[in-house]
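Letter by letter, the chains look like this.
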Amino acid sequence: MQQLREINFGDCLLKTRGATLLSEVLSDEHEALEILNLTNNEIGPNGGLSLASAMANKINLQSLLLDGNQFGQECREMIMEELRLFNLEHTLGSLEEDDSEGEEEYDEGEDEMEEEEIDTEDLEYIEDDDECAEDDEETDDAVEDAEQEIMPNRNVLRSEVTPVEAFCRAEQPTLAMFEEIDAKDRTAAFRNYLNGLPGEFYLVYLVFAILKCSALSLQSKEALAVSDDLFADALKYAQDKSQVNSVRNFFLIQLCLLRCEDKSFKPTYDPKACRISKSTH
C-alpha cells in the first residue's frame, strides 16, 4: 500500500468527515502518490485544508482534483497557499465548480421567485381593492397605507447586515467599519457571528477575521485586542481539529515569515501590522 500511486474517490460523498480521515492517513504515508481525485464529494473548508496539508510529503504528486466541493472563495485561496508551501500548486486542478456558491445562487434565485410571487399576489390584492373602492373608499385608503408601511419594513429585513458581518465579508475592511461594531464587547460580537456560521466555514472566516483585525492594530488598540482573542480561539480550534500546521503556515505566509514558492505572491493584509499583532504569540 505504501506504493499506492492513484486514489480515485470522485463522487463518493466522502463529505468533510471522510476527507479529514483520509487526510490523516495520507499525512505520513503513501509518499509515491501521483493522482488524488476527490471531486464532487461535498467536502467543506476544514476537509479541504486538511487535504492540502496532507500533501506536504507527496513529491511525486501530479494531479490533485478537488473541484465540485463546498470550499468557498476564501478556503480555495488558503488551499492554494498551502500547496505553494510544498511547491505543488501546479498539481491543483480547477476549482471553478464550487457547490457552496451554487447553493447560494440557487437560494437567491428562490428568493427572487418568492418576491415575484409576493408581488403578483400584492398586485391582485390591490386590483381587488380597486374594484371595491367605489363602495368603500376609506377601506381602500387603509389598505394602501398599510402596504406602504409594510413593504419597506420587509425589504429592510431582507437586506439587513450587521456591522460585524459587513466587516468579515469585506476584503479589506476599514477602521471605521471596525468601530461600527458593538463597542461594549467587540470580541463577543465577532464570536457570536463566527459561531453562528456553519461549522465547515468557521475556521476560514475566523482566520481571515484575525488578519483583518491585525491589519488595523497600528491604528487601534481595540483591534489588536480582538485579534489576540480570536487568535487564541483559532489556536485552540486548530489543536482540537489537528490542523495546527495548516493554520500556522498560512499565517506565516501572510506575515511574510515563510517563503512562498509563488514569486508573484503578495500578502493581502499589512504584514508589518500583522507581525506586531502576533509578536506576543
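Before reading on, note that the structure itself is shown above.
Predicted model only: the values in this text are computed from it and were never measured. (Residues numbered from 1 in each chain as written. Predicted model: local features only at pLDDT ≥ 70, side-chain atom pairs only at ≥ 80, totals over all residues. Heavy atoms only, no water.)

A. Geometry of the state of the cysteines. Going through the model one piece at a time under the given rule, you end up with zero disulfides. Cys168 forms no disulfide, and the closest cysteine sulfur to it belongs to Cys213, at a distance of 7.3 Å. Overall, Cys168 belongs to the buried group, its relative accessible area being 3%. (Disulfide = S-S within 2.5 Å. Buried < 20%, exposed > 50% of the residue type's maximum accessible area, 1.4 Å probe, protein only.)

B. Focus on the nonpolar core. Among the nonpolar cores identified, the biggest contains 58 residues, and Met55, Phe178 and Phe190 are the most heavily contacted of them. By residue number, the principal contributor to this core is helix 9 (residues 199-214), which donates 12 residues. Residue assignment places this core across two domains, with domain 1 (1-98) and domain 2 (161-280) each supplying three or more. (Core = buried A, V, L, I, M, F, W, Y, C linked by side-chain atoms within 4.5 Å. Helix = DSSP H or I, 4+ residues; strand = E, 2+ residues; numbered from the N terminus. Domains from an automatic or database assignment.)

C. Helix 11 (residues 244-254), seen in detail. All of the buried residues along helix 11 are Ser246, Val247, Asn249, Phe250, Phe251, Ile253 and Gln254. Downstream of helix 11 by one or two residues, Cys256 has phi in the positive range, about 60 degrees.

D. Highlighting the side chain of Asp67. Within the secondary structure, Asp67 sits in the loop between strand 3 (63-65) and helix 3 (73-85). Despite its burial, Asp67 remains without a salt bridge, the nearest opposite charge being carried by Arg76 at 6.7 Å. Among the polar contacts made by the side chain of Asp67, one reaches the main-chain amide nitrogen of Glu97 at a distance of 2.9 Å. Excluding its chain neighbours within four sequence positions, the residues that come into contact with Asp67 are Thr39, Asn40, Ser94, Leu95, Glu96 and Glu97. (Lys, Arg positive; Asp, Glu negative; His and termini not counted. Salt bridge = Lys/Arg side-chain N within 4 Å of Asp/Glu carboxyl O. Polar contact = N/O pair within 3.5 Å; in protein donor to acceptor, adjacent residues only side chain to side chain. Contact = heavy atoms within 4.5 Å.)

E. Examining the packing of helix 9 against helix 10 (residues 221-240) more closely. Relative orientation of the contacting elements helix 9 and helix 10 amounts to 150 degrees, with a least axis distance of 9 Å. Two packed elements cross with a definite hand, and for helix 9 against helix 10 that hand is left-handed. Note on element contacts: helix 10 touches helix 9 through Ala223, Val226, Ser227, Leu230, Phe231, Asp233, Ala234 and Tyr237, opposite Gly199, Tyr202, Leu203, Leu206, Ala209, Ile210, Cys213 and Ser214. Taken together, the residues of the contact of helix 9 with helix 10 break down into 12 nonpolar, three polar and one charged. (Axes fitted to C-alpha atoms, helices over the stretch in contact; angles between N-to-C directions. Left-handed = near helix turned anticlockwise from the far one by under 90°. Nonpolar A, V, L, I, M, F, W, Y, C, P; charged D, E, K, R; others polar.)

F. Structural context of the packing of helix 8 (residues 186-195) against helix 10. Contact pair helix 8 / helix 10: the axes reach a minimum separation of 9 Å and the direction vectors enclose 40 degrees. In terms of axis orientation, helix 8 runs oblique to helix 10. The way helix 8 lies across helix 10 gives a crossing that is right-handed. Where helix 8 abuts helix 10, its residues Arg186, Thr187, Phe190, Arg191 and Leu194 lie against Glu222, Val226, Asp229, Leu230 and Asp233. (Parallel < 35°, antiparallel > 145°, perpendicular 65-115°, else oblique.)

G. Local environment of the side chain of Ser214. Tracing the backbone through its elements, the reader meets Ser214 in helix 9. Given the relative accessible area of 1%, Ser214 is considered buried. A polar atom in the side chain of Ser214 sits 2.7 Å from the backbone oxygen of Ile210.

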